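Understanding the architecture of this molecule
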Amino acid sequence: GESQMVQFSYYGLRDRSFRTGAVCIVDGGPEYHVELKGTAAPCKYHIDRTELNFGDIPFTEIAEQELFLQNPGKVPVNFNFNLSSISRQVLIDIVPAVGVLKPEEKQKINVKFRAGIPDQVYETVLVEVEYYEPKKLIVRGQGTFPGIVLGLPRRDEAAHRIALEAAAQRMQARLMDNMDPASITASVPGSPNAAGSIADRPRRADPTAELGRPPATGLRGSGSGSGLEPPLASAIEAGEDGQIAAAR
């Protein structure tokens, strides 16, 4: 009543198939023929989409799209959708996320997306298949917030315009109250602190001051363009020695 387990090992070569037989010989008993066959082939897979764009979607709703993962090879392959790189786990749900593809099998993958915020969402999911380098699956969408703007007629348009103007004046007054008085004074033309004011400009020397006469200020100009009235008009000239002579 004893049983013995026998194990057969097969070391395959790339894209090669083998078929043979083994004979089990039992002392004093019959011979048992065992057929052995095997095929070695590389893992292959194909994904039909590498980007899912859900477009505009209300940020509280869930949208769904699908893609297909296919195994065109001759050996089973394991696959996994890695969601560890996304910012929030509630954004994306994939079914099935893990599985095994049989040879020449095509698997439909359902992807559910919820933005969660009224903003642009851009996430990356890693598709891991056997020993291949993980492939990026881009999932994007725009979360929207429903809103409406109504332009209803006013009962009194004139009173509404007056109220708007009064509100604008109050806002302007509030801004002026919050400004620095020095900055307001400096911005007023002609003020003592204004840039380029008359008080800051250098005055020209009056030549009559050296002759003992009072400065000719506030005099009205004549049509001759001398700037002095005819009774006080003088011809002023400078000599070569730098002295000033006045002749009436």
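Residues numbered from 1 in each chain as written. Predicted model: local features only at pLDDT ≥ 70, side-chain atom pairs only at ≥ 80, totals over all residues. Heavy atoms only, no water.

1. Notes on a nonpolar patch on the surface
Among the surface-exposed residues, V6, F8 and V34 lie close enough to one another that they form a single nonpolar patch of about 280 Å² accessible area. Mapped onto the secondary structure, F8 falls in the segment before β1 (16-25). (Patch = residues over 30% accessible without salt bridge, like charges linked within 9 Å, V, L, I, M, F, W, Y side chains within 5 Å. Areas by Shrake-Rupley, 256 points an atom, 1.4 Å probe, with all protein chains shown as cover. Salt bridge = Lys/Arg side-chain N within 4 Å of Asp/Glu carboxyl O. Helix = DSSP H or I, 4+ residues; strand = E, 2+ residues; numbered from the N terminus.)

2. With respect to the sheet that holds strand β5 (residues 63-70)
Within the open sheet, the 4 strands sit side by side as β3-β5-β9-β7. Their pairing is antiparallel. Two strands close off the open sheet at either side, each with one partner strand: β3 (46-47) and β7 (92-95). Examined bridge by bridge, β5 and strand β9 (residues 106-113) share 8 bridges and lie antiparallel to one another. From the neighbouring strand, A63 faces β9, where its bridge partner is F113. (Pairing = 2+ DSSP bridges.)

3. Some words on the pattern of salt bridges
Opposite charge on two side chains lets them pair, provided their charged atoms get close. If you walk through the whole model with that rule in mind, you get 3 salt bridges. A salt bridge links R19 to E35, with the shortest nitrogen-to-oxygen separation between them at 2.6 Å. In this pair, R19 sits in strand β1 while E35 sits in strand β2 (residues 31-40), placing the two residues 16 residues apart along the sequence. With its nearest N and O atoms 3.1 Å apart, the salt bridge here joins E51 to R140. Note that E51 is positioned in strand β4 (residues 51-58) and R140 in strand β11 (residues 135-144), a separation of 89 residues in sequence. Judged by its relative accessible area of 38%, E51 is partly exposed. (Buried < 20%, exposed > 50% of the residue type's maximum accessible area, 1.4 Å probe, protein only.)

4. With respect to the nonpolar core
Residues F81, I92 and V125 are the most contacted members of the largest nonpolar core, which totals 30 residues. For this core, the secondary structure elements donating two or more residues are β4, β5, β6 (77-82), β7, β9, β10 (120-129) and β11. Looking at which element gives the most residues to this core, the answer is β10, with 4 residues. Once residues lying within four places of it in the same chain are set aside, the contact partners of F81 are L67, I94, P96, A97, I109, V125, L126, V127 and L137. (Core = buried A, V, L, I, M, F, W, Y, C linked by side-chain atoms within 4.5 Å. Contact = heavy atoms within 4.5 Å.)

5. Looking at the environment of D119
Structurally, D119 is set in the loop between β9 and β10. In this structure the C-alpha to C-alpha distance between D119 and D56, which are 63 residues apart in sequence, comes to 9.7 Å. If sequence neighbours within four positions are ignored, D119 has contacts with G141, Q142 and G143.

6. A short note on the side chain of N82
Relative to the helices and strands, N82 is located in strand β6. Separated by 3.0 Å, the side chains of N82 and E128 make a polar contact. (Polar contact = N/O pair within 3.5 Å; in protein donor to acceptor, adjacent residues only side chain to side chain.)

7. Some points on the pairing of β11
On a regular strand, each side chain points to the face opposite its neighbour's, so the side chains alternate between the two faces of the sheet. Pairing analysis gives 6 bridges linking β4 to β11, with the strands arranged parallel. Looking across to β11, one finds that P58 is bridged to T144. In this structure, β10 lies alongside β11, joined through 8 bridges in antiparallel fashion. The partner of V121 across the bridge, within β11, is G141. The turn joining β10 and β11, which pair antiparallel and follow one another in sequence, is formed by 5 residues; a positive phi near 45 degrees is taken by E130.

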